[in-house]
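Descriptive structure summary
Single-letter residue listing:
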Amino acid sequence: MNISATHINYYHICHRKRWLFASGINMEHTSDVVYDGKLLHETSYPQRAEKYTEIDMSVTTKDGVQLFGKIDFYDVKEKIIHEVKRSDKVEEAHEWQVKFYIWLLELNDIPGVHATLEYPKLRQTGNVWLTEPDRAYLKEAIPKITALQENQLCPPRINSKICRSCSYYELCYVEE
């Protein structure tokens, strides 16, 4: 079983979205919202490709679960992860995604890291640190996320406002 930072993000937004994504059903390529986010990411801070490092990292838990993540912009000198997001509508999920990145770095013997969430369209930024309760939460969440994925049944839809801008919207709300 593999768990990525995207899985952590989706787990905090919608268990159904996380289950579909982890089951190989990827709808991001059909979403204008996702495309807009990728474009924003590429154009907001063009100098970063030269200045900051991209990092792929992974670790395998004692239960055999592979945790992995890809940090697009990591300032090695200052030990800061920079994560660019389109909107703060699901800010809690964004925070857990970067906390997962920080945790992965710690598990790879890179301590003292924090993150900056950046919302260029809103002209807002926020700093994120990983606390001891956050570490405990992530340790407890991994088996829950694994169990969710191993379930043969797709979780029910959540019927939330955020569903309308989700790339899985049409799949979840199709009626026969």
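The coordinates are above.
In this section: the overall build of the chain. From N to C terminus, the chain includes seven helices and six strands. Going from N to C terminus, the chain has its helices and strands arranged as β-α-α-α-α-β-β-β-α-β-β-α-α. Expressed as a percentage of the 176 residues in the chain, the buried residues total 42%. Considering only contacts within the chain whose residues lie at least 6 apart along the sequence, 67% involve residues at least 24 apart. Taken as a whole, the chain presents about 10300 Å² of accessible surface, with 50% of it coming from carbon and sulfur.

All right, on to helix 2 (residues 15-22) then. Of the residues making up helix 2, those classed as buried are Arg16, Lys17, Arg18, Trp19 and Leu20. Against the buried residues of helix 2 lie strand 1 (2-4), helix 1 (5-13), helix 6 (132-150) and helix 7 (169-173). Where helix 2 terminates, the next one or two residues include glycine 24, which has phi positive at roughly 90°.

Among the nonpolar cores identified, the biggest contains 31 residues, and Leu67, Ile71, Ile81, Phe100 and Ile142 are the most heavily contacted of them. Taken together, the elements giving at least two residues each to this core come down to helix 1, strand 2 (53-60), strand 3 (66-75), helix 5 (91-107), strand 5 (114-119) and helix 6. A total of eight residues in this core trace back to one element, the largest contributor, which is helix 5.

Between helix 5 and helix 6, whose axes approach to 11 Å, the crossing angle comes to 95°. The orientation of helix 5 with respect to helix 6, classified from their angle, is roughly perpendicular. Residue-level inspection shows Trp96, Lys99, Phe100, Trp103 and Glu106 of helix 5 in contact with helix 6, the latter providing Asp134, Arg135, Tyr137, Leu138, Lys139 and Ile142. Tallied by class, residues from the contact of helix 5 with helix 6 come to six nonpolar, no polar and five charged.

In this section: the packing of aromatic side chains. Aromatic ring pairs are defined here through the distance separating the ring centres and the angle between the ring planes. All told, the structure shown has four aromatic pairs when counted by the stated rule. When the centroid spacing of 4.4 Å and the interplanar angle of 40° are considered together, the rings of tryptophan 96 and tyrosine 137 count as tilted. With a gap of 41 residues between them, tryptophan 96 in helix 5 and tyrosine 137 in helix 6 connect regions that are remote in the sequence. Judged by its relative accessible area of 9%, tryptophan 96 is buried.

Attention now moves to helix 5. For helix 5, spanning 17 residues, the distance from its first C-alpha to its last is 24 Å, which sits close to the expected 24 Å at 1.5 Å a residue. For helix 5, a buried count of 12 out of 17 residues is recorded, marking the element as mostly surrounded by other parts of the structure. Of all the positions in helix 5, only Ala93, His94, Trp96, Gln97, Val98, Lys99, Phe100, Tyr101, Ile102, Trp103, Leu104 and Leu105 are classed as buried. Phi for aspartate 109, located one or two positions after helix 5, is positive at around 65°.

Each value, and the rule that gives it
Residues numbered from 1 in each chain as written. Predicted model: local features only at pLDDT ≥ 70, side-chain atom pairs only at ≥ 80, totals over all residues. Heavy atoms only, no water. Helix = DSSP H or I, 4+ residues; strand = E, 2+ residues; numbered from the N terminus. Buried < 20%, exposed > 50% of the residue type's maximum accessible area, 1.4 Å probe, protein only. Contact = heavy atoms within 4.5 Å. Areas by Shrake-Rupley, 256 points an atom, 1.4 Å probe, with all protein chains shown as cover. Core = buried A, V, L, I, M, F, W, Y, C linked by side-chain atoms within 4.5 Å. Axes fitted to C-alpha atoms, helices over the stretch in contact; angles between N-to-C directions. Parallel < 35°, antiparallel > 145°, perpendicular 65-115°, else oblique. Nonpolar A, V, L, I, M, F, W, Y, C, P; charged D, E, K, R; others polar. Phe/Tyr/Trp six-rings, centres within 6.5 Å; stacked < 30°, edge-to-face > 60°. Expected span 1.5 Å × (residues − 1).

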